[in-house]
Amino acid sequence: MGYEEWKAYILCVFSNICFAGYTIVSEVSLKKGMSRYVLVVYGHAFGTLATAILVLLFERNHKGKMSKAVLRDIFFLGLLGAVFGRTLSYAGMEYTSAAFAAAMGNLVPSFTFVLALLFRMEKLEIGKVSSQAKIGGTVGALAGAMLMTMYKGVVVISPHTHTSSHEPSSKAISVLDWEWIKGSLCLLTSMLSLSAFYLLQTATLRKYPAPLTITGYMCFSGTLLGAIMTLILDHKLSSWRLSWDISLIAPIYSVS
């Protein structure tokens, strides 16, 4: 297997490493008081600027035609990626934890596979080992997500609560924590939205084969839709303020 065949796998591994760091940085910025809605807007705004530079460098001479169908897809890419994908991911992260959010991210390939089957973008051949592996991985990922949602586990260190030694030990185990379940539902919806986002992105690139240009327009769409959402849901002007700390690093790092 040559470099060109390995390149896709290498990029996928690198992307997941970046995603893990992005999850931790985002959680820290949210705990510092940054609005989840503003974080979405700034992240996509920085993404728009960064991608515009790359487009000028590598796709300036692209001759493709921007049709109404492609523009419609770009609108929905912004809606699925920014409004539903990122915002609900940040909300779920606030209710749970960065580690949990990163673990739930493993559902994206499973959801993508199921949606691809439903929209006939993927063929399922039970006799092939690859298809059997996809089915097994999908079932395992869904089972793991259900387990993580319903069983939070034992509290090892908690700065907010102090359990008396006379209290039943069962109180240290949260089997059904509604805040945890609410965050899990937000993350599940976010991962489903991101799966639909990836499928739509694939279909859009077939219509307009310029990945950097599509990414730039998608980030711009996410910026506009996120700004509208923020104006409706977060009325504080102070939420838009950036400082020379994690609140500036988080949206820049999300560009990766």
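Before going into details, it helps to say that this report is about the structure given with it. If you're wondering where the values come from, they're calculated on a predicted model, not measured in any experiment.

## Examining the overall build of the chain
If you tally the helices and strands in the chain, you get nine helices and two strands. The N-to-C order of helical and strand elements in the chain reads α-α-α-α-α-α-β-β-α-α-α. The proportion of buried residues among the 256 residues of the chain is 39%. Pairs at least 24 apart in sequence give 85% of the contacts found in the chain among residues at least 6 apart. For the chain, the exposed surface amounts to about 15600 Å²; the carbon and sulfur share of it is 68%.

## A word on the packing of aromatic side chains
Considering all chains together, one arrives at five aromatic pairs under this definition. Ring centres of Y42 and W240 lie 5.9 Å apart, and the angle between their planes is 90°; on these two criteria the pair is classed as edge-to-face. With Y42 in helix α2 (residues 36–58) and W240 in the loop between α8 (211–233) and α9 (246–253), this residue pair connects regions lying 198 residues apart in the sequence. In this structure W240 comes out as partly exposed when scored by relative accessible area, which is 23%.

## Looking at helix α3 (residues 68–95)
Between its first and last C-alpha, α3 extends 39 Å over 28 residues, near the 40 Å set by a 1.5 Å rise per residue. Of all the bends in α3, the greatest, near 25°, is centred on G85.

## Some details on the environment of G183
Position of G183 relative to the elements: it lies in helix α7 (residues 178–207). Placed 83 residues apart in sequence, G183 and F100 show a C-alpha to C-alpha distance of 9.7 Å. Ignoring sequence-local partners within four residues, the contact set of G183 consists of G92, Y95 and T96.

## Things to note about the environment of V139
Mapped onto the fold, V139 is located in helix α6 (residues 129–150). Taking the C-alpha atoms as reference points, V139 and S110, separated by 29 residues in sequence, lie 8.1 Å from one another.

## Quick word on the nonpolar core
Within the largest apolar cluster, 25 residues are counted, with the highest numbers of intra-cluster contacts made by L39, Y90, M104, L107, L187 and M191. Elements represented by at least two residues in this core include exactly α1 (3–31), α2, α3, α4 (98–104), α5 (107–118), α6, α7 and α9. The contact partners of Y90, leaving out residues within four places of it in the chain, are Y22, S26, L30, R36, L39 and V40. By size, the runner-up hydrophobic cluster in this structure holds eleven residues, among which are V70, I74, L77 and A210.

## A word on the pattern of salt bridges
Under the definition given, this model contains six salt bridges. Its salt-bridge partner being R36, residue E94 comes within 2.7 Å of it at the nearest N-O pair. On the criterion of sequence distance, the pair formed by E94 in helix α3 and R36 in helix α2 is long-range, its members being 58 residues apart. Overall, E94 belongs to the partly exposed group, its relative accessible area being 39%. One salt bridge in this structure joins R72 and D73, with 3.4 Å as the shortest N-O distance. Residue R72 is classed as partly exposed on the basis of its relative accessible area of 44%. For D73, a relative accessible area of 4% gives the class buried. Linked through salt bridges whose partners overlap, the residues forming this network are R72, D73 and K207.

## Quick word on α8
Every α-helical turn comprises 3.6 residues, leaving residues that sit three or four positions apart pointing alike. With 23 residues, α8 extends 32 Å between its outermost C-alpha atoms, agreeing within 8% with the 33 Å of an ideal straight helix rising 1.5 Å per residue. Within α8, burial applies to T213, I214, G216, M218, C219, S221, G222, T223, L225, G226, M229 and T230. Those residues of α8 that are buried are in contact with α2, α3 and α7.

## Observations regarding a nonpolar patch on the surface
Taken together, I53, L54, L57 and F58 make up a surface patch of nonpolar side chains, about 440 Å² in accessible area. Structurally, L54 can be placed in helix α2.

## Thoughts on the packing of α2 against α9
Orientation of α2 relative to α9, taken along the N-to-C sense of each, is 55°, at an axis distance of 7 Å. When the axis of α2 is compared with that of α9, the two are oblique. Pair α2 / α9 crosses with right-handed handedness. In contact with L39, Y42, G43 and F46 of α2, α9 contributes L248, A250, P251 and I252. Across the contact of α2 with α9, the residue classes tally to seven nonpolar, one polar and no charged.

Thresholds applied
- Residues numbered from 1 in each chain as written.
- Predicted model: local features only at pLDDT ≥ 70, side-chain atom pairs only at ≥ 80, totals over all residues.
- Heavy atoms only, no water.
- Helix = DSSP H or I, 4+ residues; strand = E, 2+ residues; numbered from the N terminus.
- Buried < 20%, exposed > 50% of the residue type's maximum accessible area, 1.4 Å probe, protein only.
- Contact = heavy atoms within 4.5 Å.
- Areas by Shrake-Rupley, 256 points an atom, 1.4 Å probe, with all protein chains shown as cover.
- Phe/Tyr/Trp six-rings, centres within 6.5 Å; stacked < 30°, edge-to-face > 60°.
- Expected span 1.5 Å × (residues − 1).
- Bend = angle between axes of the 7 residues up to and from the residue.
- Core = buried A, V, L, I, M, F, W, Y, C linked by side-chain atoms within 4.5 Å.
- Salt bridge = Lys/Arg side-chain N within 4 Å of Asp/Glu carboxyl O.
- Patch = residues over 30% accessible without salt bridge, like charges linked within 9 Å, V, L, I, M, F, W, Y side chains within 5 Å.
- Axes fitted to C-alpha atoms, helices over the stretch in contact; angles between N-to-C directions.
- Parallel < 35°, antiparallel > 145°, perpendicular 65-115°, else oblique.
- Left-handed = near helix turned anticlockwise from the far one by under 90°.
- Nonpolar A, V, L, I, M, F, W, Y, C, P; charged D, E, K, R; others polar.

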